[in-house]
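So the chains spell out like this:
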Amino acid sequence: MRTTVLQCIARVNDVERDSTDSCHIRFGQFHIVVQQFSADGKTIFQWAQNVGPRKRKIMQLLLLKRALHTASKPKVSEVLTAYLKQCNEPPWTSYFIKHSDVSNDQFGWSHFNWTLDTGTNYHILRTGCYPYMKYHCTKRPWQDLTLDDRFFRCIKVINLGLPQLFYGLAAMFLIRHVEYVRIRDDTAPIPIYFLYAEDKGSMY
């Protein structure tokens, strides 16, 4: 069971979860119960609040729109796996992907292992650089990268994320190449961006 916190709710005063794993969100005079079942990806909203039907309908539409928009996006980890397989597991690759195109299930990760179902392992250097996320992938044996990940994360916090922001803004002007990653047959291909077209078999 996975409950999604909907970011469109403003001025949240209280959030709690009951024994059925429902998420109770209270703000002002509103009381909303949100349930999400990961088995089929559908979201069921149950409403119990003492407000007029007009306000209830507006909040219902806002929450439903947000939930459907998020549910329709593939996870950024799915794009990473699909791209590495699509390129026949290259020795290295480096690309940008837009925040708006994916659901960011690797938020806060900076340096980590990523092992494909074929057993091939990659060391991933990742950073957010709005409006993109940057991935640098190198094929290497598994290694404990916990200290590296924490070190890079601390640097980002100390710098207040400003270098990453400037990097992302610069990338908007420097990107020269686009490729598309197909996740599933029922979803549209996801664009990923490069500073230049890569030679996928090159070691450097």
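This is a predicted model, so every value here is computed, not measured. (Residues numbered from 1 in each chain as written. Predicted model: local features only at pLDDT ≥ 70, side-chain atom pairs only at ≥ 80, totals over all residues. Heavy atoms only, no water.)

Caption draft 1: Spotlight on the state of the cysteines. In total, this model carries 0 disulfides according to the counting rule given. With no disulfide of its own, Cys-87 lies 9.6 Å from the sulfur of Cys-137, the closest cysteine sulfur. (Disulfide = S-S within 2.5 Å.)

Caption draft 2: Representation of the pattern of salt bridges in the model. According to the stated counting rule, one finds 5 salt bridges in the structure shown. For Lys-200, the salt bridge identified is with Glu-179, shortest N-O distance 3.4 Å. Here Lys-200 is found in the segment after strand E10 (190-194), whereas its partner Glu-179 is found in strand E9 (residues 177-181), with 21 residues between them in sequence. With its nearest N and O atoms 3.4 Å apart, the salt bridge here joins Glu-198 to Lys-200. The buried category is assigned to Glu-198, whose relative accessible area is 14%. Among the residues examined, Lys-200 registers a relative accessible area of 21% and is labelled partly exposed. What emerges from the salt-bridge pattern is a single network uniting Glu-179, Glu-198 and Lys-200. (Salt bridge = Lys/Arg side-chain N within 4 Å of Asp/Glu carboxyl O. Helix = DSSP H or I, 4+ residues; strand = E, 2+ residues; numbered from the N terminus. Buried < 20%, exposed > 50% of the residue type's maximum accessible area, 1.4 Å probe, protein only.)

Caption draft 3: Broad picture of the confidence of the model for the protein. Averaged over every residue, the pLDDT of the protein is 78; residues scoring 70 or more account for 65%. Within the model, the stretch residues 1-21 combines pLDDT values under 50 with 44 contacts to residues more than four positions away or in other chains. (pLDDT = per-residue confidence, 0-100. Contact = heavy atoms within 4.5 Å.)

Caption draft 4: Main features of the layout of surface pockets. Of the voids in this model, the second largest pocket is the one considered here, and its volume is about 300 Å³. As for the second largest pocket, its lining consists of 17 residues, and the residues nearest its centre are Phe-107, Arg-126, Gly-128, Lys-156 and Gln-164. Contributions of two or more residues to the lining of the second largest pocket are made by strand E7 (121-129), helix H3 (146-158) and helix H4 (162-174). With 4 residues, the single largest contributor to the lining of the second largest pocket is E7. Split by residue class, the lining of the second largest pocket holds 6 nonpolar, 8 polar and 3 charged. (1 Å grid on protein atoms, 1.4 Å probe; cavity = no way out; pocket = protein on both sides within 12 Å on 5 of 7 lines; lining within 4 Å. Points joined across faces, edges and corners; volume = space filled by probe spheres on them. Nonpolar A, V, L, I, M, F, W, Y, C, P; charged D, E, K, R; others polar.)

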